[in-house]
Amino acid sequence: MSQTKPEATAVDTEPLLSVEDLRVHFALRGGLMQRFFGGSVGSVKAVDGVSFSLKRGEVLGVVGESGSGKTTLGRAILRTVPVTSGRVRVAGRDITDLSEPALRPMRRNMQMVFQDPNASLNPAMDLLTAIGHPLRIHGEDNDDKVRAAVVAALERVGLVPTELFLHKYPADLSGGQKQRAVIARAIILGPELLVADEPVSMLDMSVRAKILELMLELKNDLGLSYVYVTHDLATAKFFCDTLAIMYLGRIVEYGPAEQIYADPKHPYTQSLLKAIPEPDPAKSVPRDLPRGEIPDAARPPLGCSFHPRCPKAFEICGWESRDLRDLVERYWLAHPDDEFERDRRVIGALTALDDPAVTADVPAGSGHSGADVVQFLERIKGEDPHEPTWTGVTEVVDAGSSAKVEFRTDAVDPPLYPVGDQHVACLLYRDGEPDGNGSKPRTRRR
Amino acid sequence: MTLLDGDEPLPPDLVMSVKDLKVWYGTARGPVRAVDGVSFDIRRGETLGLVGESGSGKSTLGRGVLGLLPDAAEVSGKVLFRGRDRVTMKRRALRSLRGPELGLIFQEPMTRLNPLMRISDHFFETLHTHERGLSKTQMRKRAIDTLGAMGIPPTRFTNYPHEFSGGMRQRIMIALALVLNPAFVVADEPTTALDVLVEAQIIGILNDIKRNFDTSILLITHNLGIIAEACERVAVMYAGRIAEQGDARAVFARPAHPYTRELLASTISLSTTELHYIPGAPPDLIHPPSGCRFHPRCPDAMRVCPTRHPPTVVTELNQKVDCWLHGPDQLIPPGGKESLEREAIGVADEA
């Protein structure tokens, strides 16, 4: 096989991959009227200012929930989605603005393994054709050479005896075998960088370990480097040297994997680690996990994106009108039906709170006044004065037909603060930690 | 509900008793024995976890106990529910049970709600179909109460499905199944499509259901972590049969069947220190291996294993297990306990 390389070079003067302030924004088209009059109505910031670098022979885990932008980040690195701004350098070469013809030779060096092995192989191609396809795309038209390379790749991924597999179709293979074939196709051009997007999450438990083991073997034998995109912190623990935890398009915690597992700093990372169910009935998942779900990336929360769910949020985390709506809804959830029937008339449409703002105008229902709304809000506060949302409220005043709720205007959208070897986008660490002085920030955001 | 003639009464602590259930599908290559002789009981207010890898027949079993299998499926055995055998029951009678007595929570919350119907209308339709005579106010109260127990605020009652996130939709699906107060619910991989934090929330809800609704749950999953979190008892399925069942704590602490042990060892969790896997692949259910179906992959296989299927044995810890390691010794022929000589399993046979 032509791609056999020596061990990863010991001297790493230059990272294999470096990503700087990468942004991928998708424009929203909005409703019919907006489309008619043209112009977009905003954008989804799928990746919003991400920076990191990957040394040769290293595995970077990009971990996040669905909607965190991890898959888009993985694709943007390979330029399979359009990059809005920022820089991607592979082996020292800036590929961000390369044209497609100029990029094509570069793709030999960077390949992708997709999540769903059933969907990433063409059902009408046998393995010889499918795995040999990248070679032909890159100009190899000698059948014997293609065949020899495919045989070598099949051996490499353990699909032996190879003559048994060369002419098999995806339908003849089990899930694990398909994923091996996908990996064979990814390594046949001899890449240095593999972006693996959830390569084991569709596989059965008894098979996952085998594929992970294969990927580790390939890393050692071929000197591969991986960007391992996953939602699963348990497999990432096994596989990654460095971790980047993503939330709503940004890295919220970055650092050596070992350290993050031992001492997660961001409240989001802490909850993710706590939420993984252990196959041991004696241990149970704590019940104090963050409420709610990852918010709409088209309208991210003000301040820190995680603040509405954060168990440790405080005054300046970015409290705003939508948090007030959640608060009122949670109050009604906790109270009996008849109280809701009575209270809902006090407040007009809650949708008035849906636009993010630091001044919320809570309209009074018909027959009620702003004073009634103020009174209602005070009742909610009286019941749970320690609810963190109130720390962000500076004033609640009667404005006649509505109640005006003023939130703090000094909220901060946290950049990545250095804490020891880790970088954490959380305001709890804005002055570092008492014991960790921190180093130079490696990644910055606006 | 009254007991009909010809049916067996159930002990009062059981909600459902499944006896030697078989579900076979016809294919051009021969019958697929998706479920092949499965017996288990579900007690009142308990959650039984049914764990297995893909293709083990666990979803077919879940549908089978609800009578939701396609017409082409050949079903035999007994599913006793409320003192009646569900397998021989008439289609219409069965239909009247589904909803008020038997519920199903699906795997994909994103696709199971009608996008053109408000959440309120989903509930009105369900309640109207099964409990005629309720006034609109009563229906509204029932629905809002159930949704509230699942953490959906009353202000969202008239929203459309697209206005909810995945986790909220799964909560709505659970509320829809529970609003009729069924005695028994099958939850088929209810958290598979969800993120880990939302998954933990849904597990919390499933645990609350037991307390607040007195509903028994058959929780189907491939995730042993979820079983450990949410179930009192567990049944481990392999190739259409239950390899082992028993108290979840006992099974996890001292797995009696080699498959359970190997599956536990293969599960990658935060406390995993070394990678482990089961060689080989789950068998083809058209031509399953002879004898014990796990024997080709079993590290403990003995000479007796390929010759005949082990009978179900109850261990000291009250686990029911189908494995010759636990005897009965009088059925094992002389020399049957010697270890089985096999060729090594190559990757070619692997999953």
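Cut-off values and rules
- Residues numbered from 1 in each chain as written.
- Chains lettered and ligands numbered in written order.
- Predicted model: local features only at pLDDT ≥ 70, side-chain atom pairs only at ≥ 80, totals over all residues.
- Heavy atoms only, no water.
- Helix = DSSP H or I, 4+ residues; strand = E, 2+ residues; numbered from the N terminus.
- Buried < 20%, exposed > 50% of the residue type's maximum accessible area, 1.4 Å probe, protein only.
- Lys, Arg positive; Asp, Glu negative; His and termini not counted.
- Salt bridge = Lys/Arg side-chain N within 4 Å of Asp/Glu carboxyl O.
- Polar contact = N/O pair within 3.5 Å; in protein donor to acceptor, adjacent residues only side chain to side chain.
- Contact = heavy atoms within 4.5 Å.
- Pairing = 2+ DSSP bridges.
- Expected span 1.5 Å × (residues − 1).
- Axes fitted to C-alpha atoms, helices over the stretch in contact; angles between N-to-C directions.

J.: Now, about the side chain of B:R169: what can you tell me, with residues and values included?
T.: With respect to the helices and strands, B:R169 occurs in helix α6 (residues 166-178). Put simply, B:R169 is tucked away with no salt bridge, and the nearest opposite charge, on A:E293, sits 8.2 Å away. In terms of polar contacts, B:R169 uses its side chain to reach the backbone carbonyl oxygen of B:F164, at 3.2 Å. Those residues in contact with B:R169 that lie beyond four places of it in its chain are B:P109, B:M110, B:L113, B:P161, B:H162 and B:F164.

J.: Can you tell me about the pairing of strand β11 (residues 359-363) of chain A, naming the residues and giving the values?
T.: Residue and element names in this part refer to chain A. What you see with β11 is a clean split: A360 and V362 sit on the buried side and T359, D361 and P363 on the side with no burial. In this structure, β11 lies alongside strand β13 (residues 402-407), joined through five bridges in antiparallel fashion. Directly across from D361, in β13, lies its bridge partner K404.

J.: Report on helix α7 (residues 196-213) of chain B, specifying residues and quantitative values.
T.: Two residues of an α-helix separated by three or four positions point the same way, owing to the 3.6 residues in each turn. Taking 1.5 Å of rise per residue, 18 residues should cover 26 Å, and α7(B) covers 25 Å from first to last C-alpha, within 8% of that figure. With 15 of 18 residues buried, α7(B) is to be regarded as a mostly interior element.

J.: Quick rundown of the environment of B:L176? Include the residues and the values.
T.: Residue and element names in this part refer to chain B. Position of L176 among the secondary structure elements: in helix α6. Between the alpha carbons of L176 and S54 there is a distance of 27 Å; along the sequence they are 122 residues apart. Sequence-distant contacts of L176, defined by excluding residues within four places in its chain, comprise L113, H122, F123 and T126.

J.: So what about the sheet that holds strand β3 (residues 59-63) of chain A? Which residues, and what values?
T.: The strands making up a sheet associate through hydrogen bonds between their backbones, and the pairing can be parallel or antiparallel. All names here are of chain A. Pairing in this open sheet of eight strands is mixed, and the strands run β6-β7-β8-β3-β9-β10-β15-β14 from one edge to the other. Every other strand in the sheet has two partners, leaving β6 (110-113) and β14 (417-419) as the edge strands with one partner each. Put simply, the sheet's adjacent strands are angled 20° from each other on average, direction ignored. Of the pairings in the sheet, the one linking strand β10 (residues 250-256) to strand β15 (residues 422-424) comprises two bridges and is antiparallel in character. Of the residues in β15, the one forming a bridge with Y254 is H423. Packing of helix α11 (residues 267-275) onto the sheet brings it into contact with β9 (242-247) and β10, and relative to β9 it is tilted by some 100°.

J.: Residue-level account of helix α12 (residues 321-334) of chain A, with values.
T.: All names here are of chain A. Over its 14 residues, α12 extends 20 Å from the first C-alpha to the last, a length consistent with the 20 Å expected when each residue adds 1.5 Å. Taking burial as the measure, the 14 residues of α12 include 10 buried ones, the bulk of the element. Of all the positions in α12, only S321, R322, D323, L324, R325, L327, V328, E329, Y331 and W332 are classed as buried. Contacts from the buried residues of α12 go to α13 (337-343), β11, α14 (370-383) and β13.

J.: Before we move on, could you go through the sheet that holds strand β3 (residues 47-51) of chain B and cite the residues and values that matter?
T.: Residues and elements named next belong to chain B. An order of β6-β7-β8-β3-β9-β10-β12-β11 is seen for the eight strands of this open sheet, with the pairing classed as mixed. Looking at the sheet topology across the chains shown, the edges are occupied by β6 (102-105) and β11 (313-314). Relative to strand β7 (residues 184-188), β6 runs parallel, the two sharing four bridges. Bridged to I105 within β7 is A187. Packing against the sheet, helix α1 (residues 58-66) makes contact with β3, β6, β7, β8 (216-221) and β9 (233-238), and its axis sits at approximately 155° to β7.

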